[in-house]
Amino acid sequence: MGGIVGSGIFINPYVVARLVHTPALILGAWIAGGALALIGAFIYAELADRMPKVGGQYAYLREAYHPALGFLSGWASLLVIGSGGAAAVAVTFAKYFREFAFNAIPENIIAVLVVVALTIINCLGVRMGSGVQSLFMVLRILAITLVVGWGAWFFFSSPAAPHAPWHPLVDRPASFDLLTVMGATMVPVMFAYGGWQTSNFIASEIREPRKNLPRALLLGVLGIIGLYVSVNFIYVQALGPAGLAGTTTPASEVMRLALGERGASLIAAAIAISTIGFLSQSLLTYPRVYFAMADDGVLPRGIARVHSRNRAPVAAIALQGIVISAVVLLGTYEQILSYVVVMDWLFFGLAASCVFIFRRREKHGAGTPASAGDADYRVPGHPWTTGIFVASSALIVLDTIYKYPRNAGVALCILLVGVPVYFLVSGRARRPAGAE
């Protein structure tokens, strides 16, 4: 849950309301996104059961397709998905933090300081890092619950509360245009729902991962769906579709209606807390991918070094913190955030397709890697559910490229640069000791 709930749920609903303009379509987009996220959790639960080891989708793609594709997944995580998203969120924290204290300090300095602090905490070990992550996850969920609770109280008890009309159900005739607009809503919705896959990155550090990881994925995503649909219902009822589309801070607007300026300030503090939790989660999970890559020899071996006492991959965590800080200081975080989605869903779809490959190998018996063996947990409704998820991932990627061609093009260029890098580093890894 901590990997999913970030600042998106406090901001992205207004983007959806600007695309579709009725309560039914707005809530429909969040329900559809939740259903897709749940299918993704089913898929990743089976993958986690088959390969309960460190690395997550990097390991799945390596075993199912080729080590080069696994490397590109980790490459994109390091330079775009993990570091880019975390850098933008770090600056979001700085913006809200300056509203409460130290507004004379530049935003990028505050952002780097919080990244450095969380990097040090996660270097102290997975128990320390997960403890911080769990604390902020609870605080984030309390923030959403606060909006839902006070918003519901205001809506049902105040005669002055607005009541959004639920008719008509759609804002345009059933057509291809309606279909494409609903597809566009999936970009902000799925960005807010994304993050369940990061739990699989630390599979080897979880007790009984074949039992606990699928359980965490499914229960966590179900809980998030309930929270997201509830808070969007309150947004729509309290503000109406037009009011929701007209504000970039819907949570603050709802709390301002319910409790005045004090309520708006309270939820602003909660959003700042939310961003810290997301950053902590990124520094806890993504470095495990780089550790696995270094252990395979496709990144410098030093990145696979672990602390002698707490067994944390200190070098990998430090690498992640350095890249995030560099992105913050270079000021490229806004551009990177806009194309995180295209990389994220490209590899979601590819990782989901691994289920087809592993099941076929399992059926034929021969050629199945020991690290991708039989699964006790299986995706319900496969192959239809898995196929729907893969097709939906492809549509999200294509829609993002169509609507944001420049940023998506930059992301794809970064990905392509990883191809010669892979062959360079893998060639060195295979070179005999002492060879020139």
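In case you missed it, the structure is sitting above this.
What you are looking at is a predicted structure, and each value in this text was computed from that prediction instead of being measured. (Residues numbered from 1 in each chain as written. Predicted model: local features only at pLDDT ≥ 70, side-chain atom pairs only at ≥ 80, totals over all residues. Heavy atoms only, no water.)

In this section: the environment of Leu218. With respect to the helices, strands and loops of the structure, Leu218 is situated in helix H9 (residues 209-245). Leu218 gets classed as buried once you look at its relative accessible area, which sits at 16%. Sequence-wise, Leu218 and Ala45 are 173 residues apart; in three dimensions their C-alpha atoms are separated by 7.7 Å. In this structure Leu218 touches Ala41, Phe42 and Tyr377, once residues within four positions along its chain are discounted. (Helix = DSSP H or I, 4+ residues; strand = E, 2+ residues; numbered from the N terminus. Buried < 20%, exposed > 50% of the residue type's maximum accessible area, 1.4 Å probe, protein only. Contact = heavy atoms within 4.5 Å.)

All right, on to the side chain of Thr185 then. Along the chain, Thr185 falls in helix H8 (residues 176-193). A relative accessible area of 0% means that Thr185 is categorised as buried. One polar contact links the side chain of Thr185 to the main-chain carbonyl oxygen of Met182, over a distance of 2.5 Å. Those residues in contact with Thr185 that lie beyond four places of it in its chain are Val16, Leu19, Val20 and Ala29. (Polar contact = N/O pair within 3.5 Å; in protein donor to acceptor, adjacent residues only side chain to side chain.)

Attention now moves to the nonpolar core. By size, the foremost hydrophobic cluster in this structure holds 130 residues, and its most contacted members are Trp196, Tyr228 and Trp345. Once you skip the residues sitting within four places of it in the chain, Trp196 turns out to touch Ile4, Ala37, Gly40, Ala41, Tyr44, Leu217, Val221, Trp345, Phe348 and Phe389. (Core = buried A, V, L, I, M, F, W, Y, C linked by side-chain atoms within 4.5 Å.)

Let us look at the pattern of salt bridges. One pass over the structure, following the stated rule, counts 6 salt bridges. Residue Glu46 is joined to Arg359 by a salt bridge in which the shortest nitrogen-to-oxygen separation is 2.8 Å. Separated by 313 residues along the polypeptide, Glu46 in helix H3 (residues 23-50) and Arg359 in helix H13 (residues 333-364) bring together distant segments of the chain. Arg359 carries the same exposure label as Glu46, and that label is buried. Glu362 is the salt-bridge partner of Arg378, the closest N and O atoms lying 2.5 Å from each other. Here Arg378, found in the loop between H13 and helix H14 (384-403), pairs with Glu362, found in helix H13; they are 16 residues apart in sequence, far enough to count as distant. A cluster of three or more residues bridged by salt bridges with shared partners is formed by Glu46, Arg50, Arg359, Glu362 and Arg378. (Salt bridge = Lys/Arg side-chain N within 4 Å of Asp/Glu carboxyl O.)

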